[in-house]
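Understanding the architecture of this molecule
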Amino acid sequence: MHTSESANHRILIIDDNPSIHEDFGKVLGSKNLEHLREIEDDEAALFGETNTTAATVDFELASAFQGQEGLEAVRAAAQAGKPFAMAFVDVRMPPGWDGIETITRIWKEHPDLQIVICTAYSDYSWDDIATVLGNSDSVLILKKPFDSVEVLQMAHALTKKWQLARLAERQVEELDALVAQRTAELRAANEMLKGEVAERSAAEAALRQSEERFSKAFQSSPVPMAIEHLARALFIDVNASFTAMTGRDREELIGNAETAREIWFDPATPQMVRELLSQQTPPRDLPVALRTKSGERRDALLSTEPVELAGEKHLLLIAQDVTEHTRLEDQLRQAQKMEAVGRLAAGVAHDFNNILTVIIGNTSLQLADPNLNQALAKALNQVVKAADRATALTRQLLAYSRRQMIQRRGVDLNEMVTQTAAMLRRIIGEDIALVSELAENLPPIFADPSNIDQVLMNLVLNARDAMPDGGRITISTAATSIAPGDLEQCGDARAGDFVCVKVRDTGCGMDAATLNRIFEPFFTTKEIGRGTGMGLATTYGIVKQHEGWIDVQSEVGAGTEFRVYFPAFDGSVQRDEIAADAGATLHARREGTILVVEDEEMLREFVGTVLESLGYRVLSAANGPEALQIWAREKSGIDILLTDIVMPESISGRQLARQMTQESSRLKVIYTSGYSAELIGGEFERERGAVFLSKPYHSDRLASIVSRCLDGEAPAQAAAVEQN
């Protein structure tokens, strides 16, 4: 297709080498028209056209020797109304801009300019060029030395491409003008219909043609759309996307006023739309909910547009389905809320453990006095019992926030269910049947057995409380593989091999509002005094810390099913080892120097008092830098570093221990903490020789750990003993 009045053969050469400009002049000048004629002949042969322009085509060349000069030339040509169709740009043009920067700057102002990048060698790969310029179809690469025919082909093709692009733009403008003109004509025809039957018939014919075009676009649109009769409030047409979203057949939707009402989750939605229309503000992206035939809720953004069809007023409804987007947003908000609550719970538990250590430690010191008054001893024992209850609560908070210390190994989940079920049958009552359905050849999981036992107990006891009149609890296990396509079932799910344990009851079930909050700490539906609200929160934290997740399904009056997923373990099952005796006999050593690093002053004083009463020499520091100063003076005489893990002043207990043990291999280290984010992720689990003393602790436990550590026993099971 050739349109001489819109042809543009103006080409800009941007190259710092004058000889290159001469070469382009020779190739693209009038003396080389024979090559161009060959190109036109080839085009005519391919497309069945007659070559009528090759003999008259001549390229108008302009030169620039630097990138900035080229940009100015492009600007000047555009301002003069004679823009360049294309440009040959050299990659390297010292000392100014290189070719890539030149093209980038030109395209910011004139993105329609066709570009040929000329290079003999380049500092840019094609990937680099695509990264900077984007995957544009307006750029070609020409290698130097270039072939004359190739240059002619590029010049001819790109100038014609520029010409066709401008022609397309003009046609779009003309089409827009034609559409506007046609709309005006239709409106005028609509007014004339009142008095002139003949003109009315002609206008109706034109309108039918317009509606036919609209109908094709309407029916093929991937966006759900419907046309509703404004006065009668019923659908007169729906597209395939709308039927798919609502789950209803076309015949069910069209002409059925009852269905047109039922389709809205909120019956007030149609009236709200009409009120907005009466205010001359048609809804745009209005959040609404639609009900499918099966009763499922679909969230959508509704936009409407008044239209006239056959002289009657209608509404074009456009409903963008955002159900999946909304679901993901809700899951993200829930995850963020749970994480925030977990951090708060962990912080409270950590600080509370420091306080409890001081209370329990000092109380145990007083109770160790054989001459203690009996009345005072009774009161102090009550303090210890209350502190122990507080300790259990803080451990639940740490479990929920995934900051507790765990000792994992290969565990047979079937074995855990069997052992726990035998104990639970004596607790849940005779009116509740507890049934186990265990899969054969179940792979092991990598878990802390005491934590898994706690998960099973919490879920079963929660199920028991949901069946005050008796019922049935079923615990089942299964191996399952989750494919990437199954991940929509649960926001926390991931692909891989897992072991699933299900706890299903026949109890009262839960509504959606309750389901959204069951894992929040201290949330409970039980009456006051019948629960702390930490059971399911603790379960949630334990499962998360074991890299699993929980899926819950429940319906009021139809029971509840908890499905807990743990990653399958490719190792072997490890049986219980004999743990170190937490009540080991206290070795009252009278020698040895201990460096105590603790940022809580009262706790630091308590530890110093206990150890000094046993005859040890105690050095105290409130933070890492202070401990390093003491270490510099006393390193040769220090036997044990007893350090909190999380401390201020930018030096953690582990960093402090690492630096000191590098300087003295004889130094023994005892870690202590209410919790530590550093221990999460399995890194501490791999340090099998590490001694960990969790807060809160009794004075005799502190003395026992220190004594055994100095004796060289360093119990590997200390961490496991302390958390139970």
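Residues numbered from 1 in each chain as written. Predicted model: local features only at pLDDT ≥ 70, side-chain atom pairs only at ≥ 80, totals over all residues. Heavy atoms only, no water.

1. So, the overall build of the chain
Operational definition: Here a strand is any run of E in DSSP of at least two residues, a helix any run of H or I of at least four, and the numbering for each starts at the N terminus. Burial classes: relative accessible area under 20% of the type maximum marks a residue as buried, over 50% as exposed, and values in between as partly exposed (1.4 Å probe, protein chains only). The Shrake-Rupley method, run with a 1.4 Å probe sphere, supplies the accessible areas, and residue values consider only the shown protein chains as cover.
For the chain, the count of helices and strands is 22 helices and 22 strands. Scored against the burial criterion, the 724 residues of the chain give a buried share of 44%. For the chain, the exposed area adds up to about 37,100 Å²; of that, 51% sits on carbon and sulfur atoms.

2. A short note on the sheet that holds strand S18 (residues 593-597)
As a general point, the strands of a sheet are linked pairwise by backbone hydrogen bonds and lie either parallel or antiparallel. For clarity, the threshold we go by: Strand pairing follows a simple DSSP-based rule, namely that at least 2 bridges must link the two strands. In this description, a line fitted to the C-alpha atoms serves as the axis of each element, helices being fitted only across the stretch in contact, and the angle between N-to-C directions of two axes falls anywhere from 0 to 180 degrees.
If you walk across this open sheet you meet the five strands as S19-S18-S20-S21-S22, and the pairing is parallel. In the strand order of this sheet, the two ends are held by strand S19 (617-621) and strand S22 (691-694), each with one partner. Going across the sheet, the axis of each strand differs from the next one's by a mean of 20°, ignoring polarity. Pairing analysis gives four bridges linking S18 to strand S20 (residues 640-644), with the strands arranged parallel. Paired with Leu-595 across the bridge in S20 is Leu-641.

3. Looking at the pairing of strand S8 (residues 286-291)
With six bridges joining them, S8 and strand S9 (residues 297-309) adopt antiparallel strand pairing. Considered in S9, the bridge of Ala-289 is made with Asp-299. Connecting the antiparallel pair S8 and S9 is a turn made up of five residues, with Gly-295 showing a positive phi of about 95°.

4. Observations concerning helix H11 (residues 269-278)
Defined as follows: The arc in question is the one spanned by the directions pointing from the helix axis to the C-beta atoms. Residue contacts follow a heavy-atom distance rule, with two residues in contact if any of their heavy atoms lie within 4.5 Å.
Turning to H11, its buried residues are Thr-269, Val-273 and Leu-277. With its buried residues spanning 80° around the axis, H11 presents them on a single face. Residues of H11 that are buried make contact with S8, S9 and strand S10 (312-321). Directly beyond the C-terminal end of H11, a positive phi value near 60° is found at Gln-280.

5. Some thoughts on the pattern of salt bridges
Our working rule: Salt-bridge detection follows one rule: a side-chain nitrogen of Lys or Arg within 4 Å of a carboxyl oxygen of Asp or Glu.
Following the criterion strictly, the structure yields 21 salt bridges and no others. Notably, a salt bridge pairs Arg-297 with Asp-299, separated by 2.9 Å at the nearest N-O pair. For Arg-297, a relative accessible area of 43% translates into the label partly exposed. One connected set of salt bridges, linked through shared partners, spans Arg-504, Asp-551, Glu-561 and Arg-563.

6. Side note on the packing of aromatic side chains
Inclusion rule: Aromatic contacts are taken between Phe, Tyr and Trp rings whose centres are within 6.5 Å, Trp giving its six-membered ring; a plane angle under 30 degrees counts as stacked, one over 60 as edge-to-face, and the others as tilted.
Tallying each qualifying case throughout the model produces six aromatic pairs. A ring pair is formed by Phe-24 and Phe-88, whose centres lie 4.5 Å apart and whose planes are at 35°; its orientation type is tilted. Here the residue Phe-24 occupies a position in helix H1 (residues 18-28), and Phe-88 occupies one in strand S3 (residues 86-90), the gap between them amounting to 64 residues. On the basis of relative accessibility, which here comes to 1%, the residue Phe-24 falls in the buried class. Geometrically, the ring pair formed by Phe-498 and Trp-549 is edge-to-face, given 4.8 Å between the ring centres and 75° between the ring planes. Of this pair, Phe-498 sits in strand S15 (residues 496-505) while Trp-549 sits in strand S16 (residues 549-554), and the two are 51 residues apart along the sequence. Of the two residues examined, Phe-498 and Trp-549, each falls in the buried class.

7. With respect to unusual backbone geometry
Here the residue pair Pro-94 and Pro-95 is connected by a cis peptide bond, since its omega of 5° sits within 30 degrees of zero. If you trace the backbone, Pro-95 turns up in the loop between S3 and helix H4 (99-109). The residue Ala-233 is not glycine, and still its phi comes out positive at about 55°. You can see Ala-233 is positioned in the loop between strand S6 (225-229) and strand S7 (234-238). Ala-233 gets classed as partly exposed once you look at its relative accessible area, which sits at 30%. Phi at Asp-285 is positive, roughly 55°, even though this residue is not glycine. The residue Asp-285 is located in the loop between H11 and S8 in this model.

8. Here we look at the environment of Gln-659
Here Gln-659 shows up in helix H20 (residues 653-663). Residue Gln-659 is classed as partly exposed on the basis of its relative accessible area of 35%. When the C-alpha atoms of Gln-659 and Leu-628 are compared, they prove to be 9.2 Å apart, with 31 residues separating the residues in sequence.

9. Comments concerning the packing of H1 against helix H6 (residues 148-192)
The test is simple: The scheme is simple: roughly parallel for angles under 35 degrees, roughly antiparallel for over 145, roughly perpendicular for 65 to 115, oblique for anything else. Each residue receives one of three labels: charged for Asp, Glu, Lys and Arg, nonpolar for Ala, Val, Leu, Ile, Met, Phe, Trp, Tyr, Cys and Pro, and polar for the others, Gly being one of them.
Two elements in contact, H1 and H6, have axes whose closest approach is 10 Å; the angle formed by their N-to-C orientations is 75°. In terms of orientation, H1 lies roughly perpendicular with respect to H6. Side by side, H1 and H6 meet where Phe-24, Val-27 and Leu-28 of the first sit next to Ser-148, Val-151, Leu-152 and Ala-155 of the second. Split into classes, the residues belonging to the contact of H1 with H6 amount to six nonpolar, one polar and no charged.

10. As for the nonpolar core
Formally: Residues enter a nonpolar core if they are buried and are Ala, Val, Leu, Ile, Met, Phe, Trp, Tyr or Cys, with the set joined through side-chain atoms within 4.5 Å.
If you look at the biggest cluster of nonpolar residues, it comprises 36 residues, and the most contacted ones within it are Leu-413, Ile-445, Ile-452, Ile-473, Val-501, Phe-519 and Phe-562. In contact with Ile-445, not counting residues within four places along its chain, are Arg-409, Gly-410, Val-411, Leu-413, Ile-452, Val-499, Phe-566, Pro-567 and Phe-569. Counting 23 residues, the second largest nonpolar core, distinct from the first, contains Val-358, Val-618, Ile-670 and Tyr-697.

11. Focus on the sheet that holds S8
Here we have five strands laid out as an open sheet, ordered S7-S6-S10-S9-S8, and antiparallel in their pairing. Strands with a single pairing partner mark the edges of an open sheet, and in this sheet they are S7 and S8. Looking at each pair of strands side by side, their axes are set apart by 40° on average, direction ignored. The pairing of S9 with S10 spans 10 bridges and is antiparallel. Paired with Glu-305 across the strands is Leu-316, a residue of S10.

12. Looking at the confidence of the model for the chain
Heads up, the condition is: The predictor attaches a confidence to each residue, and that confidence, scored 0 to 100, is pLDDT.
Mean pLDDT for the chain: 77, with 77% of residues reaching 70 or above. A low-confidence stretch, residues 576-587 (pLDDT under 50), is modelled with 22 contacts involving residues beyond four sequence positions or located in other chains. Segment residues 715-724: pLDDT under 50, and 36 contacts once partners within four positions in sequence are set aside and those in other chains are kept.

13. Structural notes on a nonpolar patch on the surface
Heads up, the rule is: The patches reported here contain residues having more than 30% relative accessible area and no salt bridge. Joining distances are 9 Å for like charges and 5 Å for nonpolar side chains (Val, Leu, Ile, Met, Phe, Trp, Tyr).
A surface patch of nonpolar side chains, amounting to about 280 Å² of accessible area, comprises Leu-175, Leu-178 and Val-179. Here Val-179 is to be found in helix H6. Judged by relative accessible area, Val-179 falls into the partly exposed class, the value being 46%.

14. Focus on the environment of Val-383
Mapped onto the elements, Val-383 comes out in helix H13 (residues 374-401). With 20 residues separating them in the primary sequence, Val-383 and Thr-363 have C-alpha atoms 7.6 Å apart.

15. Some points on the side chain of Asp-551
Looking at where Asp-551 falls in the secondary structure, it is placed in strand S16. When residues no more than four places from it in sequence are discounted, the contact partners of Asp-551 are Glu-561, Phe-562, Arg-563 and Tyr-565.

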